[in-house]
Every structure is written in C-alpha cells, then in structure tokens.
Amino acid sequence: MPLPELIIHIGPPKTATTTLQSHVFRKQKDCTFLGKYDPDLITPSKLYNAFSQYVVFGRGDLESLKAELKETVRGSKRPILISNENFTKGTFAPGGVLVETKLNRLKALTQGFNAMILLTLRPMNTAAFSARIQFNRLFKQFNPPLQEAICESDFMRVYRYDEFRPLLEALWPEQVF
C-alpha cells in the first residue's frame, strides 16, 4: 500500500487529540504537520486554516482549496498531516452544523487524493463522560437530559461507534479498519 498523500486526524474530542497534536504529530519526521489552532502550541498554516474553515463552517471555495492542497502535496516529499477534532464535533443547537455535514465536506475536499482518515477511539462511557464535563457550558445552554444527549444528540454521535462507523464506511468504503 503506497503512503497516503494526506493523513487527516479527525479526533474526536476527548480521545487524546491535543496530546497527539502537541507531542506526537508535530515531532513526526515522516510527514508534514500543518498545525492545529492553539496559539500556545503551534501556529497553523494558511492552508490548515482554510481547510478547517471549509470542513467545519463551509467557508471558502472547494475547487480553489483543492488546487492549493494539490500544490502543497505536489511540493512535499512526505504526507501532509492535518488534525482537527472539530471535524467530528456535533451540535446541540437547532440548525447547527451536523457531524455528517462536516464529514461530507471533508470527503469532497479529499476526493482525488490518496487520503487516510485517522480516528482515535476511547471507550464510549469514559469519552462521553469526559466530553460532558468539558462541554458543560453547552449542556447547560441546551439542557438535554444526559441519557438523551448520549443516545440521541448529534453532539455525542461520534461516541456511538456502532452508529458512527457506518457513516465513515459509507464515505470511505474499504478504508475503515
């Protein structure tokens, strides 16, 4: 299997994403890490920002972004590594951007590239509990009952692996292990 041109780490939140970004990915010699939005850790590249803005918010022009990505891939001797847990962060907000929408944008952006999608996992109960603690402000704002939030909300969908895996398999057939 040839090395991928792109390695896209999609989190989700509470699965060691920040640790991987700050202590593993940025020290890799075998790939070019474009960064993460965290002023204390790494200054992200313009391409990283544009990539993230497109996937998370739908901002920017798909074709010009793909052309810039293609140029970056062509100029690199190593795979390009992009990591952003917001690609899998869902919503409680009515009309908010759904995880599936973000993943469809990611699919469109990586179409035509030899891309590897990297998803880190953690046991559902500890990941969901940790997410509940970290995102307490959102839980208070939208006030879903905990069982409903875990079992039905888009925000927690990424932790329902039996539901999330088929979504990934539909977007990247034969590439989900």
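Residues numbered from 1 in each chain as written. Predicted model: local features only at pLDDT ≥ 70, side-chain atom pairs only at ≥ 80, totals over all residues. Heavy atoms only, no water.

A short note on the pairing of strand β3 (residues 80-83)
Link 1 in the chain: Neither face of β3 is open: one carries Ile80 and Ile82, the other Leu81 and Ser83, and all of them are buried.
Link 2 in the chain: With four bridges joining them, strand β1 (residues 6-9) and β3 adopt parallel strand pairing. Among the inter-strand pairings, isoleucine 8 is bridged to a residue of β3, identified as isoleucine 82. (Buried < 20%, exposed > 50% of the residue type's maximum accessible area, 1.4 Å probe, protein only. Helix = DSSP H or I, 4+ residues; strand = E, 2+ residues; numbered from the N terminus. Pairing = 2+ DSSP bridges.)

What about the packing of aromatic side chains?
Link 1 in the chain: Scanning the model with the defined rule gives four aromatic pairs in all.
Link 2 in the chain: Judged by centre distance (4.8 Å) and plane angle (20°), the rings of phenylalanine 92 and phenylalanine 155 are stacked. Placement of phenylalanine 92 in the loop between β3 and α4 (99-110) and of phenylalanine 155 in the loop between α7 (146-152) and α8 (161-171) is noted, with a sequence separation of 63 residues between them.
Link 3 in the chain: In this structure phenylalanine 155 comes out as buried when scored by relative accessible area, which is 4%.
Link 4 in the chain: The ring of phenylalanine 57 is capped by arginine 59, whose NZ or CZ atom sits 4.4 Å from the centre of that ring. (Phe/Tyr/Trp six-rings, centres within 6.5 Å; stacked < 30°, edge-to-face > 60°. Lys NZ or Arg CZ within 6 Å of the ring centre and 35° of its normal.)

Structural notes on the pattern of salt bridges
Link 1 in the chain: As enumerated under the stated definition, the model contains five salt bridges in all.
Link 2 in the chain: One salt bridge connects glutamate 100 with arginine 157, and the closest N-O pair in it is separated by 3.4 Å. One end of the pair, glutamate 100, is in helix α4; the other, arginine 157, is in the loop between α7 and α8, with 57 residues separating them in the sequence.
Link 3 in the chain: On the basis of relative accessible area, arginine 157 is assigned to the buried category, the value being 16%.
Link 4 in the chain: The salt bridge partner of arginine 165 is glutamate 169, with a shortest N-O separation of 2.8 Å. Pair noted here: arginine 165 and glutamate 169 are both in helix α8, with a separation of four residues, about one helical turn.
Link 5 in the chain: Where salt bridges share partners, they join Glu100, Arg157, Arg160 and Glu163 into one cluster. (Salt bridge = Lys/Arg side-chain N within 4 Å of Asp/Glu carboxyl O.)

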